[in-house]
Amino acid sequence: MKASSVSFQAAILFVIAGMIWGFIMAISEDHSAMAAHAHLNLLGWVSLFLFGLYYRLHPSLEHSKGALIQVGLWIVGTIVQAVGVGLVTTGDNSGEPFAAGGSFIVLASMLLFGWLVFGSERAGVRA
Ligand code: HEM
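Residues numbered from 1 in each chain as written. Predicted model: local features only at pLDDT ≥ 70, side-chain atom pairs only at ≥ 80, totals over all residues. Heavy atoms only, no water.

Caption draft 1: Fine view of the environment of Ser 94. Inspection of the secondary structure assignment puts Ser 94 in the loop between helix H4 (65–89) and helix H5 (96–126). Given a relative accessible area of 42%, Ser 94 falls into the partly exposed group. (Helix = DSSP H or I, 4+ residues; strand = E, 2+ residues; numbered from the N terminus. Buried < 20%, exposed > 50% of the residue type's maximum accessible area, 1.4 Å probe, protein only.)

Caption draft 2: Representation of the coordination of the iron atom of the ligand in the model. A lone protein donor contacts the iron atom of the ligand, and this donor is His 37 (NE2), found at 2.0 Å. Take His 37: it is sitting in helix H2 (residues 34–57). (Donors = N, O, S within 2.8 Å, 3.2 Å for Na, K, Ca; no water.)

Caption draft 3: Region of interest: the pattern of salt bridges. Per the counting criterion, the structure on display carries one salt bridge. Residue Glu 62 is joined to Arg 56 by a salt bridge in which the shortest nitrogen-to-oxygen separation is 3.5 Å. Taking relative accessible area as the criterion, Glu 62 reaches 4% and is therefore assigned buried. Arg 56 gets classed as partly exposed once you look at its relative accessible area, which sits at 40%. (Salt bridge = Lys/Arg side-chain N within 4 Å of Asp/Glu carboxyl O.)

Caption draft 4: Representation of H4. For H4, which comprises 25 residues, the first-to-last C-alpha distance of 36 Å matches the rise-based estimate of 36 Å (1.5 Å per residue) to within 8%. Looking one or two residues past H4, Gly 91 carries a phi angle of roughly 100°, positive in sign. (Expected span 1.5 Å × (residues − 1).)

Caption draft 5: Molecular detail of the packing of helix H1 (residues 3–28) against H4. Where H1 contacts H4, the axes come no closer than 9 Å and their chain directions differ by 10°. Judged by the inter-axis angle, H1 sits roughly parallel to H4. When you trace H1 past H4, the crossing you get is left-handed. Of the residues in H4, those in contact with Ala 3, Val 6, Ser 7, Ala 10, Phe 14 and Trp 21 of H1 are Ala 67, Leu 68, Val 71, Ile 75, Thr 78, Ile 79, Ala 82 and Gly 86. Considering only residue class, the contact of H1 with H4 consists of eleven nonpolar, three polar and no charged. (Axes fitted to C-alpha atoms, helices over the stretch in contact; angles between N-to-C directions. Parallel < 35°, antiparallel > 145°, perpendicular 65-115°, else oblique. Left-handed = near helix turned anticlockwise from the far one by under 90°. Contact = heavy atoms within 4.5 Å. Nonpolar A, V, L, I, M, F, W, Y, C, P; charged D, E, K, R; others polar.)

Caption draft 6: Geometry of the environment of Ala 36. Looking at where Ala 36 falls in the secondary structure, it is placed in helix H2. With 28 residues separating them along the chain, Ala 36 and Ser 64 place their C-alpha atoms 31 Å apart. What Ala 36 contacts, discounting residues up to four positions off in sequence, is Trp 21, Ala 82, Val 85 and Gly 86.

Caption draft 7: View of H1. Look at H1: 37 Å from first C-alpha to last across 26 residues, which is about the 38 Å you get at 1.5 Å a residue. Of all the positions in H1, only Ala 3, Ser 4, Ser 7, Phe 8, Ala 10, Ala 11, Phe 14, Val 15, Gly 18, Gly 22 and Met 25 are classed as buried.

Caption draft 8: Structural view of a nonpolar patch on the surface. A cluster of nonpolar side chains, contributed by Ile 12, Ile 16, Ile 20 and Ile 24, occupies part of the molecular surface with about 360 Å² of accessible area. Along the chain, Ile 24 falls in helix H1. (Patch = residues over 30% accessible without salt bridge, like charges linked within 9 Å, V, L, I, M, F, W, Y side chains within 5 Å. Areas by Shrake-Rupley, 256 points an atom, 1.4 Å probe, with all protein chains shown as cover.)

Caption draft 9: Local environment of the site of the ligand. Around the ligand, the surrounding shell consists of Met 19, Gly 22, Phe 23, Met 25, His 31, Met 34, His 37, Ala 38, Asn 41, Leu 42, Trp 45 and Val 46. In this structure, Asn 41 approaches the ligand through a side-chain N or O atom, which is 3.3 Å from a nitrogen atom. Elements that contribute at least two residues to the shell around the ligand include exactly H1 and H2. Take the shell around the ligand: its biggest share by element is seven residues, from H2. Its residues assigned to classes, the shell around the ligand shows eight nonpolar, four polar and no charged. (Near = heavy atom within 4 Å. Polar contact = N/O pair within 3.5 Å; in protein donor to acceptor, adjacent residues only side chain to side chain.)

That is the geometry; function is a separate question.
Have a look at this one:
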């Protein structure tokens, strides 16, 4: 399993879900879930696709446990956060722990990505 392939395929699923959500908001003329739609698209589509591009450009990371954990955490965090923010912005405060939990998960994933990028770039500089 390659980290880039997982990223690209999950990103496509996220953007399809995000676009359908956008249509639902537009047709219903209820934009209260806008923040959740925006986060789902920006975390799930834009960021995840960018991770995939980085891993595709750095084949040594493709099969590393760190990259697969990073992508997996990002996918889980994005789903949990989108559900939580969606609930909160539509008036259901039971979504708060999910919004917070999902946010911490994507932060942890980004810290891991940063660690992988710094390690890879520094190794590249030394080579
Ligand atoms: C079929 C595709 C899409 C539809 C129908 C759609 C629909 C919408 C709607 C109805 C809003 C609320 C606008 C408002 O109340 O001002 C919105 C906001 C937003 N959407 Fe989408 N969207 C789509 C795709 C995307 C994608 C692919 C992204 C990101 C890559 C995105 C990012 C955003 C952002 C950041 C906002 C918040 C804008 C603001 O703060 O004013 N959307 N979208």
